[in-house]
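Secondary and tertiary structure notes
Chain by chain, the residues:
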Amino acid sequence: MKITKKWIQSITFSVLAFGLVACGTADDTTGDTPDENTDQEEHPEETPDDSSEESSDQTEGTDSVTEHDLTFTLDVEDSEEQLRFTMTVENDTDAEKQIDFASGQKFDIKVKDESGTVVYHFAEGMMFTQALVSETIAPGESLVLEETWDAGEDLSGKTFDVEAMLNIYSVDNEQIDKSVFDVKKQITVE
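Conventions adopted
- Residues numbered from 1 in each chain as written.
- Predicted model: local features only at pLDDT ≥ 70, side-chain atom pairs only at ≥ 80, totals over all residues.
- Heavy atoms only, no water.
- Helix = DSSP H or I, 4+ residues; strand = E, 2+ residues; numbered from the N terminus.
- Contact = heavy atoms within 4.5 Å.
- Pairing = 2+ DSSP bridges.
- Core = buried A, V, L, I, M, F, W, Y, C linked by side-chain atoms within 4.5 Å.
- Buried < 20%, exposed > 50% of the residue type's maximum accessible area, 1.4 Å probe, protein only.
- Polar contact = N/O pair within 3.5 Å; in protein donor to acceptor, adjacent residues only side chain to side chain.
- Axes fitted to C-alpha atoms, helices over the stretch in contact; angles between N-to-C directions.
- Salt bridge = Lys/Arg side-chain N within 4 Å of Asp/Glu carboxyl O.
- Phe/Tyr/Trp six-rings, centres within 6.5 Å; stacked < 30°, edge-to-face > 60°.

**Overview of the environment of S142**
- Structurally, S142 can be placed in strand β9 (residues 142–150).
- Those residues within four positions of S142 in sequence are excluded, and the remaining contacts are T88, V89, E90 and I137.

**Observations concerning the sheet that holds strand β8 (residues 133–137)**
- The sheet built from 4 strands is open, its strands ordered β8-β5-β11-β12 with antiparallel pairing. At either margin of the open sheet sits one strand with a lone partner, and together these are β8 and β12 (174–175).
- Bridging between strand β11 (residues 168–171) and β12 involves 2 bridges; their strand directions are antiparallel. Across the sheet, residue S170 finds its bridge partner in β12, namely Q175.

**Thoughts on the nonpolar core**
- Ranked by internal contacts, the top residues of the largest apolar core, which has 34 residues, are F72, L83, F85, I109 and V111.
- Among all residues touching I109, those that are not within four sequence positions of it are F85, M87, Y120, H121, F122, E147, V162, E163, A164 and M165.

**As for the side chain of T159**
- Topologically, T159 is positioned in strand β10 (residues 159–166).
- Take T159: its relative accessible area is 15%, and that puts it in the buried class.
- A polar contact is formed between the side chain of T159 and the side chain of T188, at a distance of 3.0 Å.
- Ignoring anything within four residues of it in the chain, the contact list for T159 reads K112, D113, E114, Q186, I187 and T188.

**What about the sheet that holds strand β3 (residues 70–78)?**
- As summarised here, the arrangement of the 4 strands in space is β2-β3-β4-β9, forming an open sheet in which the pairing is antiparallel. Two strands in the sheet have a free side with no partner beyond their single neighbour: β2 (64–67) and β9. Direction aside, the axes of adjacent strands within the sheet are offset by 15° on average.
- As paired elements, strand β4 (residues 82–91) and β9 share 9 bridges and run antiparallel to each other. Its bridge partner lying in β9, Q82 is registered against D150.

**Remarks on the pattern of salt bridges**
- Taken as a whole, this structure holds 7 salt bridges when the rule is applied.
- With a closest N to O distance of 2.6 Å, E153 and K158 form a salt bridge.
- Taking relative accessible area as the criterion, E153 reaches 40% and is therefore assigned partly exposed.
- Residue class for K158 comes out partly exposed when judged on its relative accessible area of 31%.
- One network of salt bridges, with partners in common, ties together D69, K97 and D172.

**Some remarks on the environment of E96**
- Mapped onto the secondary structure, E96 falls in the loop between β4 and β5 (97–101).
- Note: C-alpha distance between E96 and G140 (44 residues apart in sequence) is 8.8 Å.
- In this structure E96 touches N91, T136, I137, A138, P139 and D172, once residues within four positions along its chain are discounted.

**Describing the packing of aromatic side chains**
- With the rule as written, the count across this model stands at 5 aromatic pairs.
- On the basis of an interplanar angle of 25° and a centroid distance of 4.6 Å, the ring pair of F107 and F122 is categorised as stacked. One end of the pair, F107, is in strand β6 (residues 107–112); the other, F122, is in the loop between β7 (118–121) and β8, and 15 residues separate them in sequence.
- Exposure remark for F107: the relative accessible area of 8% places this residue in the buried category.
- Measuring from ring centre to ring centre gives 5.4 Å for Y120 and W149, while their planes differ by 25°; the resulting arrangement is stacked. Taken together, the positions of Y120 in strand β7 and W149 in strand β9 put the pair 29 residues apart, joining distant regions of the chain.

Written out as structure tokens, the structure reads:
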């Protein structure tokens, strides 16, 4: 059987196209394909910290987690049709901290409505580079990551559970359990 150059090119392009499509469909936290209808809560519910109020009283709690001398904080600002997420990673030490992300996807965000349905998932349908990405944070400094969800509808009066996760693979070249940088917050849009 004679194999032609055109046939080999066709197979090569087919494999490449399949690989590119597959890169953008995996849920990086579990390796599974995301499915909004079967998304189960992996972590127990956290009670919002009512002692911390923002000036607009729109956000309940200021959720943060400190691990590996880094503090990860999630802030959510709302408007009628948008939620703006600001994730801050602060270096709480007197030395530089190097963090390595497992891919070009440095974070993920999920927003659920009052019934528990995922109404926004940052990574859904996105494609990211499959290479380690490193960031160095100077002592007392922060890395700020931002994202905006444009809902396309009026969100006034609605309550949402927001979960933000960092996709950190290692801190100072020491591999970590990436699930430790996971914060939750409940917000009500006024």
